[in-house]
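Chain residues, written in single-letter form:
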Amino acid sequence: WGLYEIQPHPSTSLSFFGPSGTGKTMAAEAVAEKLGKKILKVSYADVESKYHGEGPKMVKAIFLAAKNNDAVLFFDEADSLLSKRLTSVNQGSEQAINSMRSQLLICLEEFRGIVIFATNLVVNYDQAFLTRLISVEFKNPDKETRENIWNVHIRPANDGKEHQLNIPLSSDVDISELAEKYEFVGREIRNAVVSACVSVALEKRDTVCQSDFIKACEKIVEEKKAVAAAKDHTKATENFLAKAIKNKLDNENKQTTKEIKPEE
């Protein structure tokens, strides 16, 4: 239908956004696997540079590498890359960041492959990037999905392939109860399974019971509560340093005052 006339450089640029642990990176790997392509993973640290001109060069090199290897290009924690461009630019490092983001826009327009960006903070994206991306939201799993995730983490898939997963499960293991009681994302479910298995192995028991999974889940719940209630200790450190510096200056001033002799 001659769509090349209105889009000379067709590409598929995707934005995977949603809470942490919901499978954004796994989905990117699955896309590459389904297409029989390699996946080239990139982080902000791979392209960041305070020197003007270096960031754009790195961006161009990354897209060229993806093209030459026919790879799916995957940017993790992409909000650092795609965040709003700086409008009040006073330093060379800020100019470098803007130049890098502008080059990224150009590369997205010209690249004929698949690019996937993943983030927990899609609200930080620059509108110029959002209009160039197909956004896909990753939500927290519902109970049915949580059951499926539990099952694939404790039992080998029935797909005719050979699997190494072979957890010795007790007959009392109730996946439905775990999925109902704990509203976990995929990563937390995986962590709970690994934690339960490690505990059983350390105790030199032969089977993993329902109580082992519950214990592992409760540990994750307690950790989440502790993190949510954690205080900002950086301010306390800043106050401590400020007081220490002030005390040192006061002592130095007192010492200087003592050394000054009044004129006769």
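Reading guide: rules and limits
- Residues numbered from 1 in each chain as written.
- Predicted model: local features only at pLDDT ≥ 70, side-chain atom pairs only at ≥ 80, totals over all residues.
- Heavy atoms only, no water.
- Core = buried A, V, L, I, M, F, W, Y, C linked by side-chain atoms within 4.5 Å.
- Buried < 20%, exposed > 50% of the residue type's maximum accessible area, 1.4 Å probe, protein only.
- Helix = DSSP H or I, 4+ residues; strand = E, 2+ residues; numbered from the N terminus.
- Contact = heavy atoms within 4.5 Å.
- 1 Å grid on protein atoms, 1.4 Å probe; cavity = no way out; pocket = protein on both sides within 12 Å on 5 of 7 lines; lining within 4 Å.
- Points joined across faces, edges and corners; volume = space filled by probe spheres on them.
- Nonpolar A, V, L, I, M, F, W, Y, C, P; charged D, E, K, R; others polar.
- Salt bridge = Lys/Arg side-chain N within 4 Å of Asp/Glu carboxyl O.

A. The nonpolar core, seen in detail. Formed by 26 residues in total, the largest nonpolar core has its most connected members in F63, F75, L82 and F117. Elements with a contribution of two residues or more to this core: helix 2 (44–47), helix 3 (54–68), strand 3 (72–75), helix 4 (79–82), helix 5 (92–110), strand 4 (114–119) and helix 6 (127–130). At 5 residues, the largest contribution of residues to this core is made by helix 5. Each residue touching F63, except ones within four places of it in the same chain, is listed here: L73, F75, L104, C107, L108, F111 and V115. One finds I167, V173, Y182 and V200 within the second-largest nonpolar core, a separate group that totals 20 residues.

B. Summary view of the layout of surface pockets. Here the largest pocket is characterised by a volume of approximately 460 Å³. Forming the walls of the largest pocket are 21 residues, and the residues nearest its centre are G21, T22, G23, K24 and R187. Counting residues per element, the ones that place at least two in the lining of the largest pocket are helix 1 (24–35), helix 7 (143–154) and helix 9 (186–202). Broken down by element, the lining of the largest pocket gets its largest block of residues, 4 residues, from helix 1. For the lining of the largest pocket, the per-class residue count stands at 5 nonpolar, 9 polar and 7 charged.

C. Region of interest: the pattern of salt bridges. On inspection of all chains with the given rule, the structure shows 8 salt bridges. R205 serves as the salt-bridge partner of E203, at 2.8 Å between the closest nitrogen and oxygen. According to the relative accessible area criterion, E203 is partly exposed, its value standing at 44%. Three or more residues are tied together by salt bridges with common partners; here these are E203, R205 and D212.

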